[in-house]
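Coordinates in review
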Amino acid sequence: GGQFRYLTTTSSGRLDAEYLGSDSKINDSRSMVHLRHRTLFEGGWRNRVNFQEVSDNQYFEDLGGSLSVSSITHLDRRVTFDFHTRSLSFFGQVQDFQTIDEAIQPIDEPYQRVPQLVMQGYWPDKWLGMELGIDGELVNFDRDAGVTGWRLNVAPSVALPISRSPGWFVTPTVTLDHTRYDLDNTEPGQIDDPSRTVPIGSLDVGMVLERQLNGSWSDRVMTLEPRALYVHIPNRDQDNLPVFDTILPDLNLVSLYRKNRYLGVDRIADTDQVSVGMTSRLLDTTSGRELVTATIGQTRYFSASDVTLPDEPEFLGENSDYIAEVRFGLSQNLNFDVRHQWGEQDRGTTQSQARLQYRPQINKIFNVAYRFRRDSLEQGDVSWSWPLSTQWNFVGRYKYSFREEEALEELVGIEYESCCWGIRVVSRRHISTRDGTRDSSIGLQLVLKGLSSVGTAADRMLERGILGYTADLR
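This report concerns the structure included in the present document. Here the structure is a predicted model, which is why all the values come from computation and not from measurement.

We now examine the overall build of the chain. Within the chain one finds 3 helices and 25 strands. Dimensions of the chain, computed from the C-alpha atoms along their principal axes, are close to 75 × 70 × 55 Å. Relative to its full complement of 474 residues, the chain shows a buried share of 37%. Sequence-distant contacts, at least 24 apart, represent 48% of the contacts inside the chain between residues at least 6 apart. Approximately 26,500 Å² of the chain is accessible, and the part contributed by carbon and sulfur atoms is 55%. Distance between charge centres in the chain, computed from 50 positive and 66 negative side chains, equals 8 Å.

This next bit is on the packing of aromatic side chains. Following the criterion strictly, the structure yields 16 aromatic pairs and no others. When the centroid spacing of 5.3 Å and the interplanar angle of 75° are considered together, the rings of Tyr400 and Phe402 count as edge-to-face. Exposure remark for Phe402: the relative accessible area of 41% places this residue in the partly exposed category. Pairwise contacts between aromatic rings join Tyr111, Phe141, Tyr181 and Phe244 into one cluster.

Bridge count for strand S21 (residues 392-401) against strand S22 (residues 406-417) is 10 bridges, and the pairing is antiparallel. Opposite Gly396, over in S22, you have Val412 as the bridge partner. Connecting S21 to the antiparallel partner S22 that follows it, the hairpin turn spans 4 residues, and Glu405 within it adopts a positive phi of roughly 55°. Alignment of S22 against strand S23 (residues 421-431), held across 9 bridges, turns out to be antiparallel. From the neighbouring strand, Tyr416 faces S23, where its bridge partner is Ile423. Count of turn residues in the S22/S23 antiparallel hairpin: 3 residues.

Rules behind the numbers
Residues numbered from 1 in each chain as written. Predicted model: local features only at pLDDT ≥ 70, side-chain atom pairs only at ≥ 80, totals over all residues. Heavy atoms only, no water. Helix = DSSP H or I, 4+ residues; strand = E, 2+ residues; numbered from the N terminus. Buried < 20%, exposed > 50% of the residue type's maximum accessible area, 1.4 Å probe, protein only. Contact = heavy atoms within 4.5 Å. Areas by Shrake-Rupley, 256 points an atom, 1.4 Å probe, with all protein chains shown as cover. Lys, Arg positive; Asp, Glu negative; His and termini not counted. Charge placed at Lys NZ, Arg CZ, Asp CG, Glu CD. Phe/Tyr/Trp six-rings, centres within 6.5 Å; stacked < 30°, edge-to-face > 60°. Pairing = 2+ DSSP bridges.

This is the structure:
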């Protein structure tokens, strides 16, 4: 393996490559290439390249050395260009994927975007204080199986912000969303140029209330920030439209205030709904740091939605789950985050996760985490990087599945460094393939400061497994 990096006045990049000749496991040579490039042109144009490729579908499972890496199913390859002015933004890319999971059928592989062109415009403070905007996209979706073709989406919008003070806002918005397709490989009887036009009306209302605390907490400010977003979208028949890149995302504090419950424009759900949330912050006025931030919210539906994705059941819920998030930063050394999603009555907990990090020094880290997803997973995770002396450092990670009642990853290691060199020894047992096969290994890495490293890439393994860990020896 090797790495090549370059830096010029306008460009920077990194090329990582690995090669294994005549591997007896598959009776062939194996390789991996990953290129990341960035260029900033005169005039504000930017270019990015991200290209990855492996020689075979089992490469990461056999040679990746990480539970997260061995579960990769697709490699993203793209070349992008973007440009921004005060009012306009342009983005273009060519993108495809290398599918490395043999279980994925050609009809389920992601589409190539060859090309994708995106334009956004925003013009505030127009007549009567109106804000004008437009979102536009033209993209060609291609792959070896299924329907392919072009999609054009244009969505002009007009907003009229109403605000009498910095502490509150009322923003009505009207958007007209138009989508048109030019399709190939359609089923018999299916039209090849379907279209859809739907108006979207919304009213966004919010406040920011502040209160200075008293006594020993006089340098603290508490806020209450209620917000409500009402959205009305009439029903339009969309059963004849293909689904190129649209999904139903998980509920979170971002999607709570999305006007379309789908991510993507192949489906725009009809709805009559209001999303209501409350955020409260405790701020340190001397540093500006958020000591505590808490948010809770839910969406209420006044009518059932008839628009669905293929194989998705009809959406009949009267309300969404509750979503809540609390972040504690009461100490510079201690951070605690909790996210929880639950339903009313007998729907119970849908998702939950918590993370505690104790970091008294830059190289002293202790993490505890918990994740739960109903009918899917329940996992605990403990990791650490803790100096034993000025030259010795103890690292480790233990990841456990409560659902399967087994360890997913066990890692323990020791690091030593002097003025000019360092060494890492890491012992590891983990699930290395998607079918549950386990591997055990001992990795040794010698680091020559300012020059190179020799042996197993234990530094990358530790950076992926221990939140906050940095492999740069002092």
